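# Fold and geometry: a report
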Amino acid sequence: MVEERPRGLLTLVAESVVGDLGHGRAEGTAVDIIAAVGAHEAAGALAAEPCHCVVVELGAPDGESARFLRALRGDSALASVPVLVHSSHRTEHLTEDTAGGSLEYLYSLDELRERIALHLAAEEPGEVLTLVRGEEPQLTAVQPVDERTRGRTVLVVDDDARNLFALSGILELHGFRVLHAENGRKGIDTLVNNPDVELVLMDVMMPEMDGYTATAEIRRMPRYADLPVIAVTAKAMQGDREKSLASGASDYVTKPVDTQDLIACVRRWLPA
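Residues numbered from 1 in each chain as written. Predicted model: local features only at pLDDT ≥ 70, side-chain atom pairs only at ≥ 80, totals over all residues. Heavy atoms only, no water.

Here we take up the pairing of strand E8 (residues 197-203). Among the seven residues of E8, six are classified as buried, and the element is accordingly described as predominantly covered. Pairing geometry for strand E6 (residues 153-157) and E8, over five bridges, is parallel. Following the sheet pairing, Val156 is matched in E8 by Leu201. Since E8 and strand E9 (residues 229-234) lie parallel, the crossover through helix H7 (residues 211-219) that links them has a hand, and here it is right-handed. (Buried < 20%, exposed > 50% of the residue type's maximum accessible area, 1.4 Å probe, protein only. Helix = DSSP H or I, 4+ residues; strand = E, 2+ residues; numbered from the N terminus. Pairing = 2+ DSSP bridges. Right-handed = clockwise from strand over helix to strand, strands pointing away.)

So, in structure tokens, the structure goes:
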């Protein structure tokens, strides 16, 4: 897993996939997830031991991702290793020497998860066919990012890696910087350690400390009296929304999250 920060969202998604696969795998076939921050660490990890699959987050600064992908394609020892390249932006520039071959560019979060699962379940790397996209163009028109949201920081608190990944992907497409935590206690710690957080998306049902308790704890701290906290609730669970608002949430969105509703709600509550 090659990402810009330690144990990022791609790693969390891979851990979730491994957890799901683990129920059906024989003893002695455990999967090791090696997380590398940047191309330098990734190159060292690949040199140290063979990997069944490589997942790369596209978009590292100064073209580092593209250079790393070119190096992978140019290394004959790694020619058979499948490489899944994830980008939340279809406008990433793909040059001829960083496309095709054993590289798959994936823009759908669900699709990325499925491809990781397929490659990990395969006995040999070459057994999984490369995803065919037909005549779909590699690049689409640039979607401008709203300057009111560019670079602003949102904290997503959710114990489900798939929800974390999906919510973060939506927010990042609109220019937000996204931090994440996997339960209410870690969410509060992350909030306290990152004074630039302007809004929190808080899942309701989590282990250790649920969203209701975490929101109430946040509201007990005077400096967060006006911080927008948006609860993420299950549409089917009666009383979730009322209980969220009673605990101190500013608003709520329901699962499955609608992209337009989420962004509209976030924009409505962001400080001017």
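A word on the sheet that holds strand E10 (residues 251-255). Spatially, E7-E6-E8-E9-E10 is the arrangement adopted by the five strands of the open sheet, whose pairing is parallel. Each of the sheet's edge strands pairs with one partner strand only, and the pair in question is strand E7 (177-181) and E10. Averaged over all pairs of adjacent strands, the angle between strand axes in this sheet comes to 25°, irrespective of strand direction. Against the sheet, helix H8 (residues 240-247) touches E9 and E10, its axis set at about 160° to E9. (Axes fitted to C-alpha atoms, helices over the stretch in contact; angles between N-to-C directions. Contact = heavy atoms within 4.5 Å.)

What follows covers the side chain of Ser247. Structurally, the position occupied by Ser247 is in helix H8. The class of Ser247 is buried, set by a relative accessible area of 16%.

Unusually for a residue other than glycine, Glu208 sits at a positive phi of about 70°. Checked against the element boundaries, Glu208 lands in the loop between E8 and H7. Residue classification places Glu208 among the exposed residues on the basis of a relative accessible area of 67%.

A few words on the packing of helix H6 (residues 184-193) against H7. Two elements in contact, H6 and H7, have axes whose closest approach is 9 Å; the angle formed by their N-to-C orientations is 30°. Relative to H7, H6 is oriented roughly parallel. For the pair H6 and H7, the sense of crossing is right-handed. On H7, the residues that touch Gly184, Ile188 and Leu191 of H6 are Ala214, Glu217 and Ile218. Its residues assigned to classes, the contact of H6 with H7 comprises four nonpolar, one polar and one charged. (Parallel < 35°, antiparallel > 145°, perpendicular 65-115°, else oblique. Left-handed = near helix turned anticlockwise from the far one by under 90°. Nonpolar A, V, L, I, M, F, W, Y, C, P; charged D, E, K, R; others polar.)

For Arg7, the location among the structural elements is in the loop between strand E1 (2-3) and helix H1 (9-22). Among the residues examined, Arg7 registers a relative accessible area of 40% and is labelled partly exposed. On a C-alpha basis, the gap between Arg7 and Ala35 in space is 6.5 Å, while along the polypeptide they are 28 residues apart.

Moving on: the pairing of strand E4 (residues 83-86). What you see with E4 is no split at all: Val83 and Val85 on one side and Leu84 and His86 on the other are buried throughout. The pairing of E4 with strand E5 (residues 103-106) spans four bridges and is classified as parallel. Residue pairing across strands places Val85 opposite Tyr105, the latter belonging to E5.

On to the environment of Val18, then. Locating Val18 in the fold gives a position in helix H1. Sequence spacing of Val18 and Ala121 is 103 residues, and the spatial spacing of their C-alpha atoms is 9.5 Å. Each residue touching Val18, except ones within four places of it in the same chain, is listed here: Val31, Ile33 and Leu120.

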